[in-house]
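As a plain string of letters, each chain reads:
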Amino acid sequence: MEDYEWVLVKEPTDRDIWNPNFENAEESSRPLEIRFNDPAKHWTDALPIGNGRLGAMVWGGVASEILNLNEDTLWTGTPGDYTNPEAPKWLAEVRKLVDTGQYAEATEEAANLTDNSPEVYQVLGHIELEFDDSHGTFQVEKYERVLDLDRAIVKVNYSVGGVEFAREYFASNPDQVIAAKISANKPGCLAFTLSMDSKMHHHTCVSGNNQITMEGSCPGKRKTSKVNANDNPKGIQFAAILDLQINGASGTLRVLDNRKFHVEQCDWAVILLVASSSFNGPFTKPVDSKRDPKSECSSMLNSIKKFSYSELYARHLDDYQKLFHRVSLQLSKSSDSVASESGTVSTADRVKSFKTDEDPSLVELLFQYGRYLLIACSRPGTQPANLQGIWNYMLEPPWDCAPHLNINLQMNYWHALSCNLMECQEPLFDYITSLSINGRKTAKVNYEASGWVAHQVSDIWAKTSPDQGQAVWALWQMGGAWLCTHLWENYTYTMDKAFLANKAYPLLEGCTSFLLDWLIEGRRGYLGTNPSTSPEHTFTAPDGKPASVSYSSTMDMSIIREVFTDIVSAAEVLGKSEDDLIKRVRKAQPRLCPIRIARDGTIMEWAQDFEDPEPHHRHVSHLFGLFPGHTITVAETPALCKATDNTLYKRGEEGPGWSTTWKAALWARLHDSEHAYRMVKHLFDLVDPDHEANFEGGLYSNLFTAHPPFQIDANFGFSAAVAEMLVQSTMKDLYLLPALPRDKWANGCVKGLKARGGVTVSICWNEGDLYEVGLWSNERTTTKWLHYRGLTVAAKLLTGMVYTFNNQLNCVKTRALL
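A quick note: this is a predicted structure, and the numbers were derived from the prediction, not measured.

1. Some thoughts on the layout of surface pockets
So, point 1. For the largest pocket, the calculated volume is near 1,100 Å³.
So, point 2. Lining the largest pocket are 43 residues, and of these Glu-562, His-630, Ser-729, Thr-730 and Arg-756 lie nearest its centre.
So, point 3. When residues of the lining of the largest pocket are traced back to their parent elements, those giving at least two are helix H9 (414–418), helix H12 (479–494), helix H14 (554–574), helix H19 (713–726), strand E22 (727–729) and strand E23 (733–736).
So, point 4. Residues that form the lining of the largest pocket fall into these classes: 16 nonpolar, 16 polar and 11 charged.
So, point 5. Here the second largest pocket is characterised by a volume of approximately 600 Å³.

What follows is the structure in structure tokens.
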């Protein structure tokens, strides 16, 4: 375990390929750090690390250090039956009530179509380090705790009695380990007690000379008011092994109570944590799983013992930076302004001052934080990012930490493509495959339909039936359909025809088959949906009664229209345009219930112009067609864009974090930089975890986004919205700086963003005006129409060539890719 720094020779990434002739284009000197000058007092003060599967929250206490631990497959429950044979009977009854305009009664009866709640994401446990009595006091002014986004490492530094102590923590994806190193600048000064515990049913013991093993189990059912002993199936089993290595001539390690280690007089210590579970996919009962978590943990530890701590860190850094370094962002107010210096100012204090100083570098930080968090919680082979990514400390977390399919899961991946993290989407596509399997049963039994369906909320077991409770949130058949739009989006960015043929198209076929069966002929001969809700929102029926169930909500029809457009486009690529399914889709498309404009000039949320009892509702579901959809566009549907503009004004600026970032992206799609920036600014509101108010939005001190409480979707949505303000694209068009707030980010560069058609985009601008843009395509020759402030130019991009355009969109330089 040698002490030295590795120097990596890095491969160039997308941000390195293009260098503009622009004196202000150098990378920002301000480090990408989330900084604290004191230990965490709340969980939302702790700093997150993760390798996609394993996560930890670092508190940084001096006398006592806590690391909360998570493993992404630890959930309550077992595979379920997501069907209801009684549903067709109730479906017919609800449809009759809707057809006769009895919407309140239909809403009440629709509760019979709902099912059970999803299962619940659980915790792995926590590591605790208790230091000797000398750590009771420390030099407050010398304390620092920092998450370095550039290196994906948390560092804690402090001074006690003239001795400088340092801790560092990282989560390695290539070696599937959480690693920590604790050291002092004077020999023999390190002394602590190390233990591992969990809120779950578990036991721990010391194994060997330097390891603590923990084994436990998740509940076989989510917590209910009463569980019979005979109705409590075996849940997911888990194990974790903590390995401790120390160095120092006089260092000693003793075992306490067969559960803890006590270390004295050592120079440094390295802690390695591995964990595994018996989860073997959503269709295997835990009792039938052949996986042995403890054995897997032992194998993982044995495989990394050949590496020193420095080698583990170097391997982690190389893996992480290959993803993170693809995109850089530099923003400033003007070319002659002096960037504010962070010094030792905490990130929380910077958030507090944002309303007055509007520091663009804080926008850079939050943008890159969204990218960091996705890399840390969603990697090939892991579970998809849940409502809190992977970070959770509760056995009963808010909203079960379950993936919600009416905005949250989708928003988690909005930035994956534009922000150049395509690989991080793979867990989402694997998850959609699992949903399609269970969803076929739900479609057949509940709705007597072909294809597959998924509703509003799911879990690790790929639940596809409705949630439990009121129809306003529980009954919504478009969750799977919305997810399917991500499949076509992935193709438009990557141009990966094999993915389209082998993964995306079969899923789109099944989804489309259900939608065709679900559509019924309604008023004025239009094809529509019945029953239909606009997620989590109610209306006042013509008889004055509150209701949520009607027919052909705008969101339903917008998603269906998007899926139909996607599969027709996919069929053209794959030579399947004459398939019977595609012919049925083409026949149905012109008959879909259209988007309508209400009396007040806004987009109608429901098929009728019902009274809205809550005009400032957090959801903006009826604007799906603008973003993330593509059926409302500035170029082709100006009347609908005007109505969308009116809708956003009417909805207002208040709302939870995810609503704020969705609105930012919507305003960006309208090319409205002022309002897009207002929503960006609105998010920079520091939330006090002791006095948080529901739906207020904002940021916690560790920059986790708030509903409140914490939901990670707005972190991801923020990165997507900022990217949308800088670059927008179709398969043919590229819009440069369409919603740039020229006075707020007057000077800047973004490098490595992705656009549809397999194009990489880098842009620099000066005093609010485009300076240069670099474009290239690795895989194919393509022609793009470049748009900037009324200028439109056709640009043919040859494979393997980098093109530089000036502010008049004239090509001024070409060269071969590196």
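2. Section: helix H2 (residues 87–99)
So, point 1. Over its 13 residues, H2 extends 18 Å from the first C-alpha to the last, a length consistent with the 18 Å expected when each residue adds 1.5 Å.
So, point 2. Restricting attention to buried positions, one finds in H2 the residues Ala-87, Pro-88, Leu-91, Val-94, Arg-95, Leu-97 and Val-98.
So, point 3. Where H2 is buried, its residues touch helix H3 (103–109), helix H10 (426–447), helix H13 (497–518) and strand E18 (520–521).
So, point 4. A positive phi of about 75 degrees marks Gly-101, the residue just after H2.

3. A few points about the packing of H2 against H10
So, point 1. Here H2 crosses H10 at 60 degrees, and the two axes come no closer than 7 Å. It follows from the interaxial angle that H2 and H10 lie oblique. For the pair H2 and H10, contact is made by Ala-87, Pro-88 and Leu-91 and by Val-445, Asn-446 and Tyr-447, respectively.
So, point 2. Class assignment for the residues of the contact of H2 with H10 results in five nonpolar, one polar and no charged.

4. A closer look at the state of the cysteines
So, point 1. Scanning the entire structure with this criterion turns up one disulfide.
So, point 2. Through a disulfide, Cys-749 is tied to Cys-764; the S-S separation comes to 1.7 Å. Because the sign of the S-S torsion sets the handedness, a value of about 110 degrees for the bond joining Cys-749 and Cys-764 places this disulfide among the right-handed ones. You can see Cys-749 sitting in strand E24 (residues 747–755) and its partner Cys-764 sitting in strand E25 (residues 759–766), a full 15 residues away along the chain. For the pair shown, Cys-749 and Cys-764 are each scored as buried.
So, point 3. Just so you know, Cys-401 is unpaired, no disulfide at all, and the nearest cysteine sulfur is the one on Cys-377, 11 Å from it.
So, point 4. Note on Cys-401: relative accessible area 0%, which makes it buried.

5. A short note on the packing of aromatic side chains
For any pair of aromatic rings, the description rests on two quantities: the centre-to-centre distance and the angle between the ring planes.
So, point 1. With the rule as written, the count across this model stands at 34 aromatic pairs.
So, point 2. When the ring of Tyr-320 is compared with that of Tyr-372, the centres are 6.1 Å apart and the planes differ by 75 degrees; the resulting orientation is edge-to-face. Here Tyr-372 lies in helix H7 (residues 360–377) and Tyr-320 lies in helix H5 (residues 309–324), a separation of 52 residues in the sequence.
So, point 3. Judged by its relative accessible area of 3%, Tyr-320 falls in the buried class.
So, point 4. On the basis of relative accessibility, which here comes to 2%, the residue Tyr-372 falls in the buried class.
So, point 5. In textbook terms, an aromatic cluster arises when at least three aromatic residues are bridged by ring pairs, as seen for Trp-43, Tyr-320, Phe-324, Tyr-369, Tyr-372, Trp-391, Tyr-393, Phe-704 and Phe-710.

6. Description of the side chain of Glu-605
So, point 1. Relative to the helices and strands, Glu-605 resides in the loop between helix H15 (580–588) and helix H16 (638–651).
So, point 2. A polar atom in the side chain of Glu-605 sits 2.7 Å from the side chain of Ser-534.
So, point 3. Not counting residues within four places of it along the chain, the set of residues in contact with Glu-605 comprises Ser-534, His-537, Ser-553, Thr-554, Asp-612, His-622 and Arg-651.

7. Some details on the environment of Leu-786
So, point 1. Mapped onto the fold, Leu-786 is located in strand E27 (residues 782–788).
So, point 2. Leu-786 gets classed as buried once you look at its relative accessible area, which sits at 0%.
So, point 3. Counting along the chain gives 53 residues from Leu-786 to Asp-733, while the straight-line C-alpha distance between them is 6.1 Å.
So, point 4. Excluding anything up to four places from it in sequence, Leu-786 contacts Leu-734, Leu-775, Leu-791, Thr-792, Val-793, Ala-795, Phe-805 and Leu-809.

8. Observations regarding the sheet that holds strand E16 (residues 268–277)
Backbone-to-backbone hydrogen bonds join strands into a sheet, with any given pair of strands oriented parallel or antiparallel.
So, point 1. As summarised here, the arrangement of the nine strands in space is E1-E6-E7-E8-E9-E16-E13-E12-E11, forming an open sheet in which the pairing is antiparallel. Lying at the two open borders of the sheet, with one neighbouring strand each, are strand E1 (33–36) and strand E11 (201–207). Averaged over all pairs of adjacent strands, the angle between strand axes in this sheet comes to 15 degrees, irrespective of strand direction.
So, point 2. Of the pairings in the sheet, the one linking E1 to strand E6 (residues 144–148) comprises four bridges and is antiparallel in character. Paired with Glu-33 across the two strands is Asp-148, which belongs to E6.
So, point 3. Those strands touched by helix H4 (residues 293–304) are strand E9 (177–184), strand E12 (211–217), strand E13 (237–247) and E16, and its axis lies near 140 degrees from that of E16.

9. So, unusual backbone geometry
So, point 1. Along the chain, Phe-627 connects to Pro-628 via a cis peptide bond; the corresponding omega equals 10 degrees.
So, point 2. Inspection of the secondary structure assignment puts Pro-628 in the loop between H15 and H16.
So, point 3. With omega at -5 degrees, the peptide bond leading from Pro-708 into Pro-709 counts as cis.
So, point 4. The topology assignment puts Pro-709 in the loop between helix H18 (673–683) and H19.
So, point 5. The phi dihedral of Gln-265 is positive, around 55 degrees, even though this residue is not glycine.
So, point 6. Relative to the assigned elements, Gln-265 resides in strand E15 (residues 260–266).

Criteria and thresholds
Residues numbered from 1 in each chain as written. Predicted model: local features only at pLDDT ≥ 70, side-chain atom pairs only at ≥ 80, totals over all residues. Heavy atoms only, no water. 1 Å grid on protein atoms, 1.4 Å probe; cavity = no way out; pocket = protein on both sides within 12 Å on 5 of 7 lines; lining within 4 Å. Points joined across faces, edges and corners; volume = space filled by probe spheres on them. Helix = DSSP H or I, 4+ residues; strand = E, 2+ residues; numbered from the N terminus. Nonpolar A, V, L, I, M, F, W, Y, C, P; charged D, E, K, R; others polar. Expected span 1.5 Å × (residues − 1). Buried < 20%, exposed > 50% of the residue type's maximum accessible area, 1.4 Å probe, protein only. Contact = heavy atoms within 4.5 Å. Axes fitted to C-alpha atoms, helices over the stretch in contact; angles between N-to-C directions. Parallel < 35°, antiparallel > 145°, perpendicular 65-115°, else oblique. Disulfide = S-S within 2.5 Å. Phe/Tyr/Trp six-rings, centres within 6.5 Å; stacked < 30°, edge-to-face > 60°. Polar contact = N/O pair within 3.5 Å; in protein donor to acceptor, adjacent residues only side chain to side chain. Pairing = 2+ DSSP bridges.

By themselves, these observations are geometric and do not establish any function.
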